[in-house]
Amino acid sequence: MKGRKLLMIPGPIEFEPKVLQALGAPTDSHVAPSFIETFGNSLELMRTVWQSPTGQPFIMAGSGTLAMDMAVVNLIEPNDNVLIISTGYFGERYADICKRYGANVTILTTDVGNIVSLNTIEKELSTKNYKLLTMTHVDTSTGVLVDPEPIAKLGTKYNTLTVLDGVCSVAGEEINQDYWKIDVVLTASQKAIGVPPGLALLMISEKAMGVFKNRKTPVQNYYADFTHWLPIMKAYESRNPSYFGTPPVNLIAALEVSLQHIVSEGIETRFLRHKKIATAFREAMLALGFKLLPVHKNISANTLTAVYYPEKVDGATFLKHVGNNDVILAGGLLHSHKTQYFRIGHMGSVNNNDILATIGAIESSLIACNYSFETGIGIKTALTILNN
Ligand code: PMP
């Protein structure tokens, strides 16, 4: 589209035209039969995308932070022990949230760009009775990918509930919630789910719902309390009208369209597409002489890439040139390294052309910054992988 810049940040992303049409359609009543059907379908489609036939889905008005908040406020009680496995900014946020609700929080961290080892996690879990642990599937501040499956196994072994912050991963990175036995997988609409910002989405295991039902103290947040929302989700799923707080009707209409789109692409095909595009982009950056934040390729996310600016290239000037080349990228997020790196989102409907246009804009900007490299090497490297 002329005059339209390509939005390649790690959310919000570029959205499918059909999703945007649903968002812009006339607003239904929240108890109209057509909307009840849309809400019910969306809940059912979430189970398919999360690969969790036994989970309890929640669709809420709010951002990803509400989803993080809602997961723990319903499951922990004051003085519960909580373990945070942090790979960056969003692990720290999770520690803050849990502290706010009176949990005894232990946070495991590592060097920037690395993951906490399974040994370290197991050693900590064996020291005391942890009620719950959290892990960030893809920390959007570092582009580090954590493998949730073995951590979930440790959760089962030590009877600790497991919460996966999948805000930057659900529908982009492989997730098999029931098979991996993860108790909560949460996300937000604006990333690989492919819907403009405004929805917090959660899938809760039967085990975690049991823990919630056996609470001794009231949930410390009125709006986020499952007590209010569980009957609403159950009513919509059984195609009955219901009300607690007005649902974001248009966003849910857009969600139904996007989830249908994801399911029709095929969830495995979608993961592979993300993987291929991410690999092409990463290899292109390496060919241009950039260094990546994740310390190994096998812990690099497929939904975004975090890249250090080369020496002698000023970050702000470089990003301005990229913008002038009609591509929008994001700066750094991690406090300690904020000005040293930039981030590129490649998730949702991203295609080969988008990634090639992005690499082209990066190459043009490097030329404008007087950085010396073999012109075209990034594009050539990516093309070889994309055409394979
Ligand atoms: N967790 C992760 C991994 C995220 O990437 C984000 C958003 N960038 C959040 C949580 C918070 O989501 P939101 O900004 O929608 O509140």
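Residues numbered from 1 in each chain as written. Predicted model: local features only at pLDDT ≥ 70, side-chain atom pairs only at ≥ 80, totals over all residues. Heavy atoms only, no water.

A. Looking closely at the overall build of the protein. Within the protein one finds 14 helices and 15 strands. Against the compact-globule benchmark of 21 Å for 388 residues, the protein has a radius of gyration of 21 Å, which places it among compact chains. Reported as C-alpha extents along the three principal axes, the dimensions of the protein are approximately 65 × 55 × 35 Å. When the 388 residues of the protein are sorted by exposure, 58% land in the buried category. Sequence separation of 24 or more characterises 72% of the internal contacts of the protein that already satisfy a separation of 6 or more. Within the structure as shown, the protein displays about 15900 Å² of accessible surface, and the carbon and sulfur contribution to it stands at 53%. Distance between charge centres in the protein, computed from 33 positive and 34 negative side chains, equals 2 Å. (Helix = DSSP H or I, 4+ residues; strand = E, 2+ residues; numbered from the N terminus. Rg over C-alpha atoms; globule rule 2.2 N^0.38 Å. Buried < 20%, exposed > 50% of the residue type's maximum accessible area, 1.4 Å probe, protein only. Contact = heavy atoms within 4.5 Å. Areas by Shrake-Rupley, 256 points an atom, 1.4 Å probe, with all protein chains shown as cover. Lys, Arg positive; Asp, Glu negative; His and termini not counted. Charge placed at Lys NZ, Arg CZ, Asp CG, Glu CD.)

B. Representation of the site of the ligand within the structure. As a matter of local geometry, the ligand sits amid 13 residues, with S63, G64, T65, T140 and D165 nearest to it. In the environment of the ligand, an oxygen atom lies 2.6 Å from a nitrogen or oxygen atom belonging to the side chain of T65. Those elements that place two or more of their residues in the shell around the ligand are α3 (64–75) and α4 (89–100). If you tally residues by element for the shell around the ligand, the top one is α3, at three residues. Looking at side-chain class alone, the shell around the ligand contains four nonpolar, six polar and three charged residues. (Near = heavy atom within 4 Å. Polar contact = N/O pair within 3.5 Å; in protein donor to acceptor, adjacent residues only side chain to side chain. Nonpolar A, V, L, I, M, F, W, Y, C, P; charged D, E, K, R; others polar.)

C. Looking closely at the domain arrangement of the protein. Domains assigned within the protein are domain 1 (6–11 + 267–386) and domain 2 (17–265). Each of domain 1 and domain 2 has a C-alpha centre, and the two are 28 Å apart. Of the residues lining the interface, 29 residues belong to domain 1; the matching set on domain 2 comes to 30 residues. The tally of links between domain 1 and domain 2 comes to two salt bridges. The salt bridge partner of R270 is E265, with a shortest N-O separation of 3.1 Å. Where domain 1 meets domain 2, there are 13 residue pairs in polar contact (both at pLDDT 80 or more). At the level of secondary structure, the elements contributing two or more residues to the side of domain 1 that touches domain 2 comprise α11 (267–287), β12 (304–308) and β15 (341–345). The class makeup of the residues in the side of domain 1 that touches domain 2 is 15 nonpolar, ten polar and four charged. (Domains from an automatic or database assignment. Salt bridge = Lys/Arg side-chain N within 4 Å of Asp/Glu carboxyl O.)

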